[in-house]
Amino acid sequence: GATIPSNGVTQPYPSRVFVTNLPGFLSTVTLGLQDFQHKFPHDAAMLLTGPTGTNLVFWSDAGGSSLVSGLNVTIDDAASSAIPNPVTGNTFRPTANNSVAFPAPAPAGPGLAAPAGSATLASAFAGLNGNGTWSFYLFDYAAGSGGSIGQVCLNFTETPPVLNISKTHTGSFTQGQPGAYTITA
């Protein structure tokens, strides 16, 4: 887990995970925020950056001003609603109600989810190879609040790689005779 200091960044900042052995291309990405606690969730800002540098602010100025504790929140483009005020333990669409300047080393000018922007997890990450380093940035941008997060889980759905098979054959084969096929992938 990580502590979210009042008016500061979590440690480590960013939190990184190296993903390997994904054979296809990403079709969907969801995030699970486990055991989220915050005195004023509206002050939390969260950004995900993929291995190619594409990114999305999926939480800013969202979640309300009520203390929350022990919430499990899933961020999913397919959810029926944006992050509510107050936030509850449920599944919500990425929600950026305002642009936020993330402290370095976060990328400058990240993509914003609605309503401040139009980016989604799919528009940021679908079609990409998910192998490599993913970075999660979380900070509190106002004094007097703060909290913690137990764990952040990335979930991927892949489009399987396309396998093209062609056969090359010259002449005819008779049962029992040797022959050869070439399969190219």
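The sections below set out a description of the structure shown in this document. (Residues numbered from 1 in each chain as written. Predicted model: local features only at pLDDT ≥ 70, side-chain atom pairs only at ≥ 80, totals over all residues. Heavy atoms only, no water.)

**Brief notes about the side chain of threonine 49**
Examined against the element boundaries, threonine 49 turns out to sit in strand S4 (residues 44-49). Not counting residues up to four positions away in its chain, the partners in contact with threonine 49 are Thr54, Asn55, Pro107, Phe125, Thr133, Trp134, Ser135 and Tyr137. (Helix = DSSP H or I, 4+ residues; strand = E, 2+ residues; numbered from the N terminus. Contact = heavy atoms within 4.5 Å.)

**With respect to the pairing of strand S6 (residues 68-75)**
Sheet analysis places strand S3 (residues 25-38) next to S6, joined by five bridges and oriented antiparallel. Each residue of the ladder has a partner; that of histidine 38, found in S6, is valine 68. Examined bridge by bridge, S6 and strand S7 (residues 91-92) share two bridges and lie parallel to one another. Its bridge partner being in S7, isoleucine 75 is matched across the sheet by phenylalanine 92. (Pairing = 2+ DSSP bridges.)

**What about the environment of glutamine 151?**
Position of glutamine 151 relative to the elements: it lies in strand S11 (residues 151-159). Leaving out residues up to four positions away in the same chain, glutamine 151 has contacts with Gly32, Leu33 and Gln34.

**Quick word on the nonpolar core**
Ranked by internal contacts, the top residues of the largest apolar core, which has 43 residues, are Phe58, Trp59 and Phe102. Of all elements in the fold, only strand S1 (2-4), S3, S4, strand S5 (55-60), S6, helix H1 (121-125) and strand S9 (132-140) reach the threshold of two or more residues within this core. (Core = buried A, V, L, I, M, F, W, Y, C linked by side-chain atoms within 4.5 Å. Buried < 20%, exposed > 50% of the residue type's maximum accessible area, 1.4 Å probe, protein only.)

**Quick look at the environment of valine 9**
Take valine 9: it is sitting in the loop between S1 and strand S2 (15-19). Classification of valine 9 by relative accessible area gives partly exposed; the value is 22%. Considering only alpha carbons, one finds valine 9 and phenylalanine 102, 93 residues apart in sequence, at a separation of 9.2 Å. For valine 9, the residues in contact, after removing those within four places along its chain, are Pro103, Leu138 and Phe139.

**Concerning the sheet that holds strand S8 (residues 95-96)**
In space, the five strands of this open sheet follow the order S2-S9-S4-S5-S8, with mixed pairing throughout. One side of each edge strand has no neighbouring strand; the edge strands of this open sheet are S2 and S8. Note: S4 against S9, six bridges, orientation antiparallel. Residue pairing in the sheet places alanine 44 in a bridge with aspartate 140 of S9.

**Side note on the packing of aromatic side chains**
Counted according to the given criterion, the structure contains seven aromatic pairs. Relative to tryptophan 59, the ring of phenylalanine 36 lies with its centre 5.3 Å away and its plane at 65°, an arrangement referred to as edge-to-face. Placement of phenylalanine 36 in strand S3 and of tryptophan 59 in strand S5 is noted, with a sequence separation of 23 residues between them. Overall, phenylalanine 36 belongs to the buried group, its relative accessible area being 0%. Note on phenylalanine 58 and phenylalanine 136: the rings are 6.2 Å apart at their centroids and 25° apart in plane angle, and the pair reads as stacked. In this pair, phenylalanine 58 is assigned in strand S5 and phenylalanine 136 in strand S9, connecting sequence segments 78 residues apart. By the burial criterion, phenylalanine 58 is buried, and phenylalanine 136 matches it. By the ring-pair criterion, three or more aromatic residues cluster together here, those being Phe102, Phe139 and Tyr141. (Phe/Tyr/Trp six-rings, centres within 6.5 Å; stacked < 30°, edge-to-face > 60°.)

**Focus: the layout of surface pockets**
By volume, the largest pocket amounts to about 370 Å³. Listing elements by their share of the lining of the largest pocket, those giving two or more residues are S2, S9 and S11. Counting residues per element, the lining of the largest pocket draws most heavily on S11, at five residues. Grouping the constituent residues of the lining of the largest pocket by class yields 13 nonpolar, seven polar and one charged. (1 Å grid on protein atoms, 1.4 Å probe; cavity = no way out; pocket = protein on both sides within 12 Å on 5 of 7 lines; lining within 4 Å. Points joined across faces, edges and corners; volume = space filled by probe spheres on them. Nonpolar A, V, L, I, M, F, W, Y, C, P; charged D, E, K, R; others polar.)

Just geometry here; none of it tells us what the structure is for.
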